[in-house]
Amino acid sequence: MCTVCGCNETEEEHGHSHEHSHGHGHSHEHSHGHEHSHEHEHEHSHSQQQHYGKGAAGLHIAGMSQEKIVQVELDILSKNNNYANENRAFFLKKGILALNLVSSPGSGKTSILETSLINLKDEINLKVIEGDQQTTQDADRINKTGVQALQVNTGKGCHLDAHMIGHAFDELNIEPDSLLFIENVGNLVCPAAFDLGEYCKVAILSVTEGEDKPLKYPDMFAAADLMLLNKIDLLPHLNFDVQKCIDYARQVNPKIQILQVSATSGEGMDKWYNWLKAQMASIAALKEPLKSDDNL
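Residues numbered from 1 in each chain as written. Predicted model: local features only at pLDDT ≥ 70, side-chain atom pairs only at ≥ 80, totals over all residues. Heavy atoms only, no water.

- If you check an unreviewed UniProt entry, the protein appears there as Hydrogenase maturation factor HypB from endosymbiont of Bathymodiolus septemdierum str. Myojin knoll.

Take a look at the structure:
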């Protein structure tokens, strides 16, 4: 079990159990300078103390002390963050806006993405990385829009990590000044802990899920810059308090921006597109000083 997110991967498998849609594996070295050697020590403590989430690590794993769990978590996240920082530097140098789309399964994340690509592909260079445990169904849907998508299957893993993203954008050959959508595995817990090198996280919450999700899964909404409240076309048929949901989201993240949208009816989607274009402009502004430095 992964000590960071509780998925079924062992520590050695974390970040390695993935295949791309073309069906072969990868050596663990990126063309832009990543070397991937994930090694973790396993010490077994026979302490009978059982914390079940109340100890320093916030979870219980049989045979491991709280101190050891914390150390393993720090090791995993530190290595992931090193990869993420390399990804971020690469994106910034190329003027690529990378967005990490996160949500629970069934929120309409892929539908929002599909509709967005159809409406933006004539204006913006677009690429997509699709994360799922199995199948290429989402990547197949995205490729039908005319935008290139690469599927990353995580196997037993419950989230993408920076190591996977580095391999994926090596293969996508993303043009400078592009918008890269990274659709993470459907999960409101694990992806919150793993930086991919993205510019920001966008959390999608559908009105069919209940307005209390930001309180139940605070880490995810605290990590997001934007929340898309999706499927608002269904509000007349549901007992969902929009204002209460917004209040809950801002309770865990006072700075979060919130847009109400419907991928089905198109309501609110123009505001989403305008937000994307504003972030593209921000990335372009950040890239300019790097271009000046290169010319020195």
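**Observations concerning the pattern of salt bridges**
Next up, step 1: Across all of its chains, the model carries eight salt bridges by this definition.
Next up, step 2: Put simply, R88 and D195 hold a salt bridge, and the shortest N to O gap is 2.6 Å. Here R88, found in helix α1 (residues 66-94), pairs with D195, found in the loop between β5 (179-183) and β6 (200-206); they are 107 residues apart in sequence, far enough to count as distant.
Next up, step 3: We note a salt bridge from E123 to K277, for which the minimum N-O separation is 3.0 Å. (Salt bridge = Lys/Arg side-chain N within 4 Å of Asp/Glu carboxyl O. Helix = DSSP H or I, 4+ residues; strand = E, 2+ residues; numbered from the N terminus.)

**Section: the packing of aromatic side chains**
Next up, step 1: Within the structure shown, the criterion is met by five aromatic pairs.
Next up, step 2: On the numbers, 4.8 Å between centres and 5° between planes, the contact of F90 with F169 is stacked. Here F90, found in helix α1, pairs with F169, found in helix α4 (residues 162-172); they are 79 residues apart in sequence, far enough to count as distant.
Next up, step 3: Classification of F90 by relative accessible area gives partly exposed; the value is 23%.
Next up, step 4: Their ring planes at 15° and their centres at 5.8 Å tell us that W272 and W275 sit as a pair that is stacked. Residue W272 and its partner W275 are located together in helix α8 (residues 269-294), separated by three residues, close to a single helical turn. Residue W272 shares its accessibility class with W275, and that shared class is buried.
Next up, step 5: Taken together, the aromatic side chains of F90, F91 and F169 make up a single cluster linked through ring pairs. (Phe/Tyr/Trp six-rings, centres within 6.5 Å; stacked < 30°, edge-to-face > 60°. Buried < 20%, exposed > 50% of the residue type's maximum accessible area, 1.4 Å probe, protein only.)

**Considering α4**
Next up, step 1: Of all eleven residues making up α4, nine are buried, and the element is well covered by its neighbours.
Next up, step 2: Turning to α4, its buried residues are A162, H163, M164, I165, G166, H167, A168, F169 and L172.
Next up, step 3: Within two residues after α4, N173 carries a phi angle of roughly 55°, on the positive side.

**Re the nonpolar core**
Next up, step 1: L179, F181, L228, W272, W275 and L276 are the most contacted members of the largest nonpolar core, which has 31 residues in total.
Next up, step 2: Contributions of two or more residues to this core are made by β2 (97-103), α2 (109-120), β3 (126-132), α3 (137-143), β5, β6, β7 (224-230) and α8.
Next up, step 3: No other element matches the seven residues that α8 contributes to this core.
Next up, step 4: Beyond its immediate chain neighbours, meaning those up to four positions away, F181 contacts L99, L101, L113, L117, L126, K127, V128, I129, W272 and L276.
Next up, step 5: Counting residues in each nonpolar core, the second largest holds 19 residues, with V102, A192, A203 and A224 among its members. (Core = buried A, V, L, I, M, F, W, Y, C linked by side-chain atoms within 4.5 Å. Contact = heavy atoms within 4.5 Å.)

**A short note on the pairing of β3**
Next up, step 1: With seven of seven residues buried, β3 lies mostly within the body of the structure.
Next up, step 2: The alternating pattern of β3 places L126, V128, E130 and D132 and K127, I129 and G131 on opposite faces, both of which are buried.
Next up, step 3: Summarising the sheet, β3 and β5 pair through five bridges and their orientation is parallel. Residue pairing for β5: L126 is matched across the bridge by L179.
Next up, step 4: Bridging between β3 and strand β4 (residues 149-153) involves five bridges; their strand directions are parallel. Its bridge partner being in β4, D132 is matched across the sheet by N153.
Next up, step 5: For the handedness criterion, the β-α-β arrangement of β3, α3 and β4 is classed as right-handed. (Pairing = 2+ DSSP bridges. Right-handed = clockwise from strand over helix to strand, strands pointing away.)

**Some remarks on the side chain of E183**
Next up, step 1: Looking at the element boundaries, E183 is found in strand β5.
Next up, step 2: Owing to a relative accessible area of 2%, E183 belongs among the buried residues under this scheme.
Next up, step 3: Only 2.5 Å separates the side chain of E183 from the side chain of T110, close enough to count as a polar contact. (Polar contact = N/O pair within 3.5 Å; in protein donor to acceptor, adjacent residues only side chain to side chain.)

**A closer look at the pairing of β2**
Next up, step 1: Burial of β2 is extensive: seven of the seven residues sit out of reach of the surface.
Next up, step 2: Burial along β2 is two-sided: L97, L99, L101 and S103 and A98, N100 and V102, pointing in opposite directions, are all buried.
Next up, step 3: Across five bridges, the pairing between β2 and β6 is parallel. Each bridged residue has a counterpart across the sheet, and for L99 the counterpart in β6 is C200.

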